[in-house]
Amino acid sequence: MSEARAFVDRHIGLAPADIASMLQRLGYESLEDLMDAAVPTAIRTKDLLNLPEPLSEVEVGALARKLASQNVPGEPMIGLGYYGTVTPGVIRRNVLEDPSWYTAYTPYQPEISQGRLEALINFQTMIGDLTGLPVANSSLLDEGTAVAEAMTLVRRAERNAKGAFVMDADALPQSIEVVRTRAKALGIDVVVADLSQGLPEGDLFGVLVQYPGASGEIRDPRPIIEAAHGRGALVVVAADLLALTMLEAPGTFGADVVVGTSQRFGVPLFYGGPHAGYMAVAKGLERHMPGRLVGVSIDAEGRPAYRLALGTREQHIRREKATSNICTAQVLLAVTASMYAVYHGPEGLAAIAKRTHLHAADIAAGLAASGIAVVNTTFFDTLTVSVPGRAAAVVRTAREVGIHLRLVDADTVALSTSELTTEASVTAVLMAFGVGRTGVASVTLPESLVRTSEFLTHPVFNAHRSETQMLRYLAKLSNRDYALDRGMIPLGSCTMKLNATAEMEPISLPGFAELHPFAPAADATGYQQLVSELEGWLAEVTGYDKVSIQPNAGSQGELAGLLAIRGYHLANGDTHRDICLMPSSAHGTNAASAVMAGMRVIVVKSAEDGTVDLADLRAKCEEHAEDLAAIMVTYPSTHGVYEEGITEVCELVHKAGGQVYIDGANFNALLGYAKPGEFGGDVSHLNLHKTFCIPHGGGGPGVGPVAVREHLAPYLPSHPFHPDTEKADGIGPISAAPYGSAGILPISWAYVRLMGAEGLTRATAAAVLSANYVAARLGEHYPVLYRGDSGLVAHECILDLRGMTAETGVSVDDVAKRLIDYGFHAPTMSFPVAGTLMVEPTESEDLAELDRFIEAMIQIKGEIDRVAAGEWTPENSVLRGAPHTSRALVGDWERPYSRELAVFPAGIDPDKYWPPVARIDNAYGDRNLVCACPPIESFAD
Ligand SMILES: *Cc1c(COP(=O)(O)O)cnc(C)c1O
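- Per an unreviewed UniProt entry, the chain goes by Glycine dehydrogenase (decarboxylating) and derives from Nocardioides baekrokdamisoli.
- Checking UniProt for the chain, the heading Catalytic activity (unreviewed entry) contains the comment "N(6)-[(R)-lipoyl]-L-lysyl-[glycine-cleavage complex H protein] + glycine + H(+) = N(6)-[(R)-S(8)-aminomethyldihydrolipoyl]-L-lysyl-[glycine-cleavage complex H protein] + CO2".
- Quoted verbatim from the Subunit (unreviewed entry) field of the UniProt record, the comment on the chain reads "The glycine cleavage system is composed of four proteins: P, T, L and H."

**Details of the overall build of the chain**
In step 1: When helices and strands are counted, the chain shows 28 helices and 26 strands.
In step 2: Taken over the C-alpha trace, the chain has a radius of gyration of 27 Å; the compact-globule value for 941 residues is 30 Å, and the two agree within 12%.
In step 3: Each principal axis of the C-alpha distribution contributes one length, and for the chain these read about 85 × 70 × 70 Å.
In step 4: Counting across all 941 residues of the chain, residues that qualify as buried make up 65%.
In step 5: In the chain, of all internal contacts separated by at least 6 residues, the share reaching a separation of at least 24 is 76%.
In step 6: Of the roughly 31,300 Å² of accessible surface on the chain, 50% is carried by carbon and sulfur atoms.
In step 7: Put simply, the chain has 73 plus and 111 minus side-chain charges, and the middle of one group is 3 Å from the middle of the other.

**Thoughts on the pattern of salt bridges**
In step 1: In this structure the tally under the stated criterion is 42 salt bridges.
In step 2: Arg437 is the salt-bridge partner of Glu423, the closest N and O atoms lying 2.6 Å from each other. With Glu423 in helix α14 (residues 423-432) and Arg437 in the loop between α14 and α15 (467-479), the pair connects residues that are 14 residues apart, well separated along the chain.
In step 3: Given the relative accessible area of 44%, Glu423 is considered partly exposed.
In step 4: In this structure, Asp800 engages Arg802 in a salt bridge whose closest nitrogen and oxygen atoms are separated by 2.9 Å.
In step 5: Taking the relative accessible area as the measure of exposure, Arg802 reaches 37% and is therefore partly exposed.
In step 6: If you follow the salt bridges from partner to partner, you end up with Asp299, Glu301, Arg303 and Arg887 in one network.

**What to know about the site of the ligand**
In step 1: Thr328, Ser493, Asp663, His689 and Lys690 are the nearest of the 15 residues found near the ligand.
In step 2: At a separation of 2.7 Å, an oxygen atom of the ligand approaches a polar side-chain atom of Ser493.
In step 3: Gly554 places a main-chain nitrogen or oxygen 2.7 Å from an oxygen atom of the ligand.
In step 4: Here the ligand has 390 Å² of accessible area as a free molecule, and 98% of this is covered by the chains.
In step 5: Of the residues forming the shell around the ligand, the biggest block, three residues, is contributed by helix α19 (residues 554-571).

**What to know about the UniProt feature "domain: Glycine cleavage system P-protein N-terminal" (unreviewed entry) in the chain**
In step 1: The sites that UniProt annotates as "domain: Glycine cleavage system P-protein N-terminal" (unreviewed entry) are residues 9-433 and 461-717.
In step 2: Secondary structure content for residues 461-717 is 33% helix and 13% strand, while the C-alpha to C-alpha distance between its ends is 40 Å.

**Thoughts on the packing of aromatic side chains**
In step 1: In this structure the tally under the stated criterion is 17 aromatic pairs.
In step 2: Taking the centre distance of 5.9 Å and the plane angle of 50 degrees together, the rings of Tyr271 and Tyr739 count as tilted. With a gap of 468 residues between them, Tyr271 in the loop between β7 (257-261) and β8 (277-281) and Tyr739 in the loop between β22 (706-708) and α23 (745-778) connect regions that are remote in the sequence. Considered together, Tyr271 and Tyr739 belong to a single accessibility category, that of buried residues.
In step 3: On the basis of an interplanar angle of 80 degrees and a centroid distance of 5.7 Å, the ring pair of Tyr482 and Tyr913 is categorised as edge-to-face. Taken together, the residues span a long stretch of sequence, with Tyr482 in the loop between α15 and α16 (501-504) and Tyr913 in the loop between α27 (899-903) and β26 (920-921) at a distance of 431 residues.
In step 4: By way of ring pairs, the aromatic residues Tyr271, Phe512, Tyr527 and Tyr739 are connected into one cluster.
In step 5: Across from the ring centre of Tyr83, 3.8 Å away, lies the NZ or CZ of Arg264, which sits over that ring.
In step 6: The positively charged end of Lys912 is found above the aromatic ring belonging to Trp914, 4.8 Å away from the centroid.

**Some words on the sheet that holds strand β19 (residues 628-634)**
In step 1: Judged by pairing direction, the sheet is mixed, and its seven strands sit side by side in the order β16-β22-β21-β20-β19-β17-β18 without closing on themselves. One side of each edge strand has no neighbouring strand; the edge strands of this open sheet are β16 (546-548) and β18 (600-604). If you compare each strand with its neighbour and ignore which way they point, the axes differ by 25 degrees on average.
In step 2: Here strand β21 (residues 683-686) runs beside β22; their pairing, made up of three bridges, is antiparallel. Counterpart to Val683 in the pairing with β22 is Val708.
In step 3: The strands touched by helix α18 (residues 525-542) within the sheet are β16, β21 and β22, with β16 carrying the most contacts at an inclination of about 125 degrees.

**Remarks on the nonpolar core**
In step 1: Grouped together as the largest cluster of nonpolar side chains are 268 residues, with contacts concentrated most on Met126, Phe165, Val257, Met339, Leu617, Tyr642 and Phe692.
In step 2: For this core, the element with the most residues is α23, which contributes 20 residues.
In step 3: Among all residues touching Val257, those that are not within four sequence positions of it are Leu133, Ala150, Leu153, Val154, Val235, Val236, Val237, Met279, Ala280, Val281 and Leu285.
In step 4: Listed in part, the 29 residues of the second largest apolar core include Leu559, Leu563, Ala597 and Ala629.

**Let's talk about the domain arrangement of the chain**
In step 1: Structurally, the chain comprises domain 1 (104-340), domain 2 (344-449) and domain 3 (764-911).
In step 2: Here the C-alpha centroids of domain 2 and domain 3 sit 60 Å apart.

**Considering the packing of α18 against α23**
In step 1: Across the interface, α18 lies against α23 with an axial gap of 10 Å and an inter-helix angle of 55 degrees. Viewed along their axes, α18 and α23 adopt a mutual orientation that is oblique. Classified by chirality, the crossing of α23 by α18 is left-handed. Contacts between α18 and α23 pair Leu530, Val531, Glu533, Leu534 and Trp537 from the former with Leu745, Pro746, Ser748, Trp749, Val752 and Arg753 from the latter.
In step 2: For the contact of α18 with α23, the class distribution of residues is eight nonpolar, one polar and two charged.

**Section: the UniProt feature "domain: Glycine dehydrogenase C-terminal" (unreviewed entry) in the chain**
In step 1: Per the UniProt record, "domain: Glycine dehydrogenase C-terminal" (unreviewed entry) is annotated on residues 763-884.
In step 2: Secondary structure over residues 763-884 splits into 45% helix and 8% strand, and the C-alpha atoms at its two ends are 36 Å apart.

**Details of the environment of Glu648**
In step 1: Here Glu648 lies in helix α22 (residues 646-655).
In step 2: Residue class for Glu648 comes out partly exposed when judged on its relative accessible area of 32%.
In step 3: For the pair Glu648 and Leu244, spaced 404 residues apart in sequence, the C-alpha separation works out to 57 Å.
In step 4: Non-local contacts of Glu648, meaning those with residues more than four positions away in its chain, are made with Leu614 and Arg618.

Quick notes on the rules
- Residues numbered from 1 in each chain as written.
- Predicted model: local features only at pLDDT ≥ 70, side-chain atom pairs only at ≥ 80, totals over all residues.
- Heavy atoms only, no water.
- UniProt positions renumbered as here; feature names shortened; annotations may be inferred.
- Helix = DSSP H or I, 4+ residues; strand = E, 2+ residues; numbered from the N terminus.
- Rg over C-alpha atoms; globule rule 2.2 N^0.38 Å.
- Buried < 20%, exposed > 50% of the residue type's maximum accessible area, 1.4 Å probe, protein only.
- Contact = heavy atoms within 4.5 Å.
- Areas by Shrake-Rupley, 256 points an atom, 1.4 Å probe, with all protein chains shown as cover.
- Lys, Arg positive; Asp, Glu negative; His and termini not counted.
- Charge placed at Lys NZ, Arg CZ, Asp CG, Glu CD.
- Salt bridge = Lys/Arg side-chain N within 4 Å of Asp/Glu carboxyl O.
- Near = heavy atom within 4 Å.
- Polar contact = N/O pair within 3.5 Å; in protein donor to acceptor, adjacent residues only side chain to side chain.
- Phe/Tyr/Trp six-rings, centres within 6.5 Å; stacked < 30°, edge-to-face > 60°.
- Lys NZ or Arg CZ within 6 Å of the ring centre and 35° of its normal.
- Pairing = 2+ DSSP bridges.
- Axes fitted to C-alpha atoms, helices over the stretch in contact; angles between N-to-C directions.
- Core = buried A, V, L, I, M, F, W, Y, C linked by side-chain atoms within 4.5 Å.
- Domains from an automatic or database assignment.
- Parallel < 35°, antiparallel > 145°, perpendicular 65-115°, else oblique.
- Left-handed = near helix turned anticlockwise from the far one by under 90°.
- Nonpolar A, V, L, I, M, F, W, Y, C, P; charged D, E, K, R; others polar.

Have a look at this one:
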């Protein structure tokens, strides 16, 4: 048997000879020499990480299958926002398991993201149609957080919002708890009320109605909407998308906001996530909307083109005034759900809904015939059944035949049918209740709520019924996009590294993919072991004591971490400590999260060299010593350097009574070399979708674990249905499911298991080497804005184009778009410094790819020089004309540069990536907001 190459040598793109030549170029003997020079000794950790020995891909695959087999999904009839569904094979294999979809980045460069932008506008159209509201966003993190976002949205939208947010007592219990966690931090009063009795007394600014309710009851939302509007409040309806194919849309009843989850549209249960939450709003509320919104604009050739709309609402621009802290959302899952609707179409969805409903009706009829009372008088798919004293026995009997029902209390069982329910399961469920079948029931929905409005009438939902058509539609869209399967995506702060197949494969194992988040703990032991191992390893690598993997994005990890700090201060009686210091270079999510945690943001200046201005920090610590809650610093800083002063930053803040939050999203520069828990941090979050190989999915999913020192551990997220009963009570849930996006944790688990301590450490060194190589070579052509004391950067570097822009009029945008002609995705643009590009190559790129990128950037510098020399004006330069589509090859050509230079600047390349559209006009799209599928005719030439 031949000796297989170790996984670490597959993950790290640089061959030993490449490393040697790069080190030589930089003037270092070895990787260790380089790291000794780059990483300040004050923060270096002493020992090798204490992690299990690395295993081969084959061994990790076997171990993952063993863990998966310890989970017992059974038939999920627990309900509560999570339902059985069938992911059509063509969508599973060609979206969820296809790197052209899952390795894509967030569509900030719309010209190379038209495929996923179209898929997302399909999602928005689907949500808009089903909810009956005009504008839907392109996903939120889950249903619970979507309800919480809706609460703050209606509060923002009302001029004189006062009083309480009233929640339907029949809302999903986890949604109520997620809202309570958020509301507490913001000082918002939440009142849970039985809405069948009408609205409670007192001031209120918003009302949430669950439609249908958690019990299954379908309440007519109209009287509540009318009453709430009469009292000046806005109404949020949390609605089930499948039910909406049969029930009238809340928008037609006057709902202001509709939220929910799209999970049951073909997205695996994944033990709770990732799933795409959704939100749709009434006209006039779109500018208050959280999350990303895809809109239609036009390109330079006058054709319609998609791009993200109303970006100024978002945290990366508005910071502490943002509508929400959401950055990474759930794009891959939104794409999956939208494709489910594309494949089934309106009549297919309605048929699935009807079958689901009829199975519930069959069960209801069987129970009624035997005198067993169904508590809810109306239902779509969920029945709450009264079985005095027998509930546990019924649930147990069902579990013995592989069906998971919901134990409500000793006298009550609830169950939900789904796309997975069969005739056999109906019989089995009735047998668990000790009764037999009666016959076939008919549709029994409340007549006044039966849907009459149309939905999914757009051709895209009516044209892809055969698998061949569907396959080709998916390929057509992904062919328009630039993802990691085409070339490097050197995005600073985003760590677009390898997402290895061996890491991805386990997520599709039924034991991981098909488990309901509220299944009995005894049926989820594989997940518990995986989570406990992963949390342990993350504690080890960060130097903290406790980790919670519940937050389902970096932004949510930030909020969880800040709430832990808040909990700690409150427990100490320091109720006044609410100031959060933040360097001016902080990521936008930091500021937005601090506001959500009920804190006031005070900005600390950056010094000339990009580091935290220690004098300013000292002054602000003194000034706010009484009410200082925390500082939030990113390490290495968002400027991509290892700051020597970090230990002093921590000391100053601690001395003033504050806690230190170290944003660990840049952990790819530290792993194995330094631990924030050792060098002064009290709490950090990590982004598993950066350092730990979960793919970006075109803008999500993500996992943002929060790691804390012992004194903050009591304030980590809890969850009412946590399988570890000790974690049921606490500060409350930050995500709808106990383990957040549990279904993608096998990816990071596998990464650590494959790499081992030495492999992970070597990856960090390789990432730092690559960044320094890029900085050294490109530094001769573009100024590198910041370097550490050693003259080295960390894992990324900022190229400063401001001088060139001032001199020539060529902007960072022009360079970013011109890179497309050379076959590259742009680096991060204008963050953290406007007018710059931040390059992060990661350890996974090989030297040839790094050189190809460097050569492209050098040639582009040559083009900028031609503008400087007066050969082209910036307006008619090859840079402003970029990106060039294949249309440049034919027809009239009146530009002052050749067609060759336009489309083949690096030589004729048969594998060239052709952008499907030319430069997109952003302002036009915001002025003419269109956020649903445009009519087909608008694409005619
Ligand atoms: C990516 C990033 C975040 C936000 O993470 P999301 O998962 O997108 O919410 C926060 N801070 C820094 C420094 C980041 O790079």
